[in-house]
Amino acid sequence: MNLDEAQKAFRLGEDDIAAWHAAGRPADDFEEWLVDRVARRPTGARARDVYGGDDVHDFARRAILDALDLGPGDRLLEVGCGGGLLLRAALGTGASATGIDHSEEMVGLARERAPGASILLASADALPFADDAFTAAAMSIVFMFLPDPVAALSECRRVLTPEARLALYTTSPELRGTPAAPEPMASHTHLYEDDALAALAIAAGFTEVHVENERGGQLLTARS
């Protein structure tokens, strides 16, 4: 995919186009840069508009919140918190909420959208928290972007109390090439069959691992 095609497919704005030219990267790097800019590390006015929308990934957010059944006394960690809407909803249950993201743009947006949450710039495979700090953890449409999923899940388990709940929502390979996993995103991310997804959580030490697949949307739940 080239810049002209990406403008039409992803509604890139002038600031996105300027950022690509300013990056000074070879044309062969464009797709990798695009995945970062649009989804993996969202940046720019378009990213703020998309991830600031109240309906962005609402299907995943609802599934995760239903699975976690948060309440007062819970301490939630969201890995890859994006615009902070899940954190905001979690606060509404009486739980405390903490989010991390590796996009400075998303950290700022989440702080605006979920002012009662603690939100930090951090990486999923090096969480800046003590052991046993949280009773629940969530990942919403972020797992596909993790370069080392077992390392990230192991870090997640480390900071969870014993018997804490994990819920993550991601996209299966059957949706490759659809709006849920469009190209070139799908070719630069990691999509797992249900058994493979469960195996990653088990390898990280989680128990009671279950994957529910509804029309290609996967909800993984587990206990630490």
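For the structure itself, look to the data block above.
Now for a look at the structure at hand. The structure displayed is predicted, hence computed values, not measured ones.

Analysis parameters
Residues numbered from 1 in each chain as written. Predicted model: local features only at pLDDT ≥ 70, side-chain atom pairs only at ≥ 80, totals over all residues. Heavy atoms only, no water. Buried < 20%, exposed > 50% of the residue type's maximum accessible area, 1.4 Å probe, protein only. Helix = DSSP H or I, 4+ residues; strand = E, 2+ residues; numbered from the N terminus. Arc of directions from axis to C-beta. Contact = heavy atoms within 4.5 Å. Phe/Tyr/Trp six-rings, centres within 6.5 Å; stacked < 30°, edge-to-face > 60°. Pairing = 2+ DSSP bridges. Axes fitted to C-alpha atoms, helices over the stretch in contact; angles between N-to-C directions. Salt bridge = Lys/Arg side-chain N within 4 Å of Asp/Glu carboxyl O. Parallel < 35°, antiparallel > 145°, perpendicular 65-115°, else oblique. Left-handed = near helix turned anticlockwise from the far one by under 90°. Nonpolar A, V, L, I, M, F, W, Y, C, P; charged D, E, K, R; others polar.

**Structural notes on helix α7 (residues 104–113)**
Structurally, the α-helix is built with 3.6 residues per turn, so residues lying three or four positions apart point the same way.
Thinking step 1. Turning to α7, its buried residues number three or more, namely M106, V107, L109, A110 and R113. In an axial view of α7, the angular spread of the buried residues amounts to 165°, which keeps them on one side of the axis. Counted as exposed and oriented over 90 degrees from the buried face of α7: E104 and E112.
Thinking step 2. For α7, the elements touching its buried residues are α4 (45–52), α6 (85–91), β2 (96–101) and β3 (118–121).

**Here's the deal with the packing of aromatic side chains**
Thinking step 1. Inspection of the entire model under this criterion finds 6 aromatic pairs.
Thinking step 2. Seen from their ring centres, W20 and F30 are 5.0 Å apart, and the 80° between their planes marks the pair as edge-to-face. In this pair, W20 sits in helix α2 (residues 14–23) while F30 sits in helix α3 (residues 30–40), placing the two residues 10 residues apart along the sequence.
Thinking step 3. For W20, a relative accessible area of 10% corresponds to the buried category.
Thinking step 4. A residue is classified by how much of its surface remains accessible, and F30, at 3% relative accessible area, is buried.

**Notes on the sheet that holds strand β5 (residues 160–171)**
Thinking step 1. Strand order across the open sheet formed by 7 strands is β3-β2-β1-β4-β5-β7-β6, with mixed pairing between neighbours. Single-partner strands in this sheet number two, and they are β3 and β6 (207–214). Each adjacent strand pair in this sheet contributes to an overall mean axis angle of 15°, direction not counted.
Thinking step 2. Two strands pair when backbone bridges link them, and β5 and strand β7 (residues 217–223) are joined in this way by 7 bridges, in the antiparallel orientation.

**Describing the pattern of salt bridges**
Side-chain pairing between opposite charges can occur once the charged atoms of the two side chains come close.
Thinking step 1. Applying the stated rule across the entire model yields 13 salt bridges.
Thinking step 2. For R158, the salt bridge goes to E155, with nearest N and O atoms at 2.6 Å. In this pair, R158 and E155 both sit in helix α8 (residues 149–158), 3 residues apart, roughly one turn of the helix.
Thinking step 3. Classification of R158 as partly exposed rests on a relative accessible area of 25%.
Thinking step 4. Several salt bridges share partner residues, and in doing so they unite D15, D16 and R37 into one network.

**Considering the packing of α4 against α7**
Two quantities define a packed helix pair, namely the angle between the axes and the distance from one axis to the other.
Thinking step 1. The interhelical angle for the contact between α4 and α7, taken along N-to-C directions, is 40°, at an axis separation of 10 Å. In terms of axis orientation, α4 runs oblique to α7. Here the hand of the crossing between α4 and α7 comes out right-handed. Between α4 and α7, the residues in contact are A47, R48, Y51 and G52 and E105, M106, L109 and R113, respectively.
Thinking step 2. Per-class residue counts for the contact of α4 with α7 are 4 nonpolar, 1 polar and 3 charged.

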